[in-house]
Amino acid sequence: MRLGSLALVLALILGWSVTGSAAEKRIALDHPLVLTDADGKTVASDDFPGKWLLIYFGYTHCADQCPTAISAMVEALAEIGPAAAHIQPVFVTVDPERDRGPALRDFTAAFDKRLIGLTGSPEQIAAAAEALGIEYRKVLSGDEDYVIDHSSVLSLIGPDRHEAVTFAFAEPYMIAAKLVELLERGGVPLGNVNNMRAYR
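All values derive from a computational prediction rather than experimental measurement.

Peer 1: What's the story with the overall build of the protein chain in this structure? I'm lost.
Peer 2: Helix and strand counts for the protein chain stand at six helices and 10 strands. Taken as a whole, the protein chain presents about 10600 Å² of accessible surface, with 57% of it coming from carbon and sulfur.

Here is the structure:
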């Protein structure tokens, strides 16, 4: 390998490492997140005692980013095996105008039966997003149509609901490794983990 190529590879690796470590952000939570489910029932983050909440913000009309991200999240949960029983995956829409009822329920069910879809009033969604440092905005893409630009990160909230850790998306096995790291740091008895790359 030429010296220039080697230097480029090393720079990319070092850059990835710095970006990866910097991508994790810890956020103090002052109050529960309050939203509604597909049936209009109020759901709060405190309604899942003992569970870690793994949250992704997106919307059902998202062309590729959201399906890719949710698929990676679900695959990561599969890779950590029994440890996934400690985690409740949650999808929060940033498009409450269109995402509710059967549309929201069918969307989440297509990925995994454990995934819960939540919506709410624009104010509720804005408050939840702000609490976790999620940004989003509607962008017109035609006379009546629109898309929504939004952060594509995962947020993991511990069972005490005092703190969230937000981290960037990556390959499923890397998300699995991050989940295992955070669960282990939180004192969760992990048992067996299917994918050894996720564990160490």
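Once you've had a look at it, read on.
Peer 1: How should the sheet that holds strand E2 (residues 34–37) be read in this particular structure?
Peer 2: Strands pair in a sheet through their backbones, by hydrogen bonds, and they do so in one of two ways: parallel or antiparallel. With mixed pairing, eight strands are arranged side by side in an open sheet as E1-E10-E9-E4-E5-E6-E2-E3. Either end of the sheet is taken by a strand with one partner, and the two such strands are strand E1 (25–28) and strand E3 (42–44). On average, adjacent strands in this sheet sit at an angle of 35° to one another, irrespective of strand direction. When strand E4 (residues 52–58) meets strand E5 (residues 87–93), the two strands line up parallel, connected through seven bridges. For Phe 57, the partnering residue across the bridge sits in E5 and is Val 92. Strands in contact with helix H3 (residues 101–109) are E5 and strand E6 (116–119); relative to E6, the strand with the most contacts, it is inclined by about 145°. Helix-sheet contacts for helix H4 (residues 122–131) involve E1, E2, E4, E5 and E6, and the interaxial angle to E2 is about 125°.

Peer 1: Can you help me understand the packing of aromatic side chains in this one?
Peer 2: Any aromatic ring pair is given by two values, namely how distant the centres are and how the planes are angled relative to each other. On inspection of all chains with the given rule, the structure shows three aromatic pairs. With a centroid separation of 5.4 Å and 80° between ring planes, the pair formed by Tyr 56 and Phe 169 is classed as edge-to-face. Highlighted residues: Tyr 56 in strand E4 and Phe 169 in the loop between strand E10 (163–168) and helix H5 (172–185), separated in sequence by 113 residues. On the basis of relative accessibility, which here comes to 0%, the residue Tyr 56 falls in the buried class. When its relative accessible area of 21% is taken as the criterion, Phe 169 is described as partly exposed. Relative to Phe 111, the ring of Phe 107 has its centre 5.2 Å away and its plane inclined at 65°; by these criteria the two rings are edge-to-face. In textbook terms, an aromatic cluster arises when at least three aromatic residues are bridged by ring pairs, as seen for Phe 91, Phe 107 and Phe 111. Directly above the aromatic system of Tyr 146 lies the positively charged group of Lys 138, at a separation of 4.3 Å from the ring centroid.

Reading guide: rules and limits
Residue indices follow the written sequence of each chain, beginning from 1 at its first position. For a predicted model such as this one, the threshold for reporting local features is a pLDDT of at least 70, and the threshold for listing and counting side-chain atom pairs is 80 or more; totals across whole chains, interfaces and linings nevertheless cover every residue. The basis for the side-chain values is all heavy atoms of the structure; hydrogens and waters are excluded. The way it works is that DSSP assigns letters per residue, a run of H or I at least four long becomes a helix, a run of E at least two long becomes a strand, and they are numbered from the N terminus. Surface accessibility in these figures is a Shrake-Rupley result with a 1.4 Å probe; residues are shielded only by whichever protein chains are displayed. Here the rule is simple: two strands pair whenever DSSP picks up at least two bridges between them. Under this scheme, a helix contributes an axis fitted over its contacting stretch, all axes are lines through C-alpha atoms, and angles between N-to-C directions fall in the 0 to 180 degree range. In this analysis, two residues are considered to be in contact whenever any of their non-hydrogen atoms come within 4.5 Å of each other. Working definition: rings of Phe, Tyr and Trp (its six-membered ring) pair if their centres are within 6.5 Å, and the pair is stacked with planes under 30 degrees apart, edge-to-face with planes over 60 apart, and tilted otherwise. Accessible area is worked out with a 1.4 Å probe on protein chains only. A residue is then buried under 20% of its type maximum, exposed over 50%, and partly exposed in between. Two conditions define a charge located above a ring, namely a distance within 6 Å from the ring centre to NZ of Lys or CZ of Arg, and an angle within 35 degrees of the ring normal.

Such coordinate-based values are descriptive only and should not be taken to indicate function.
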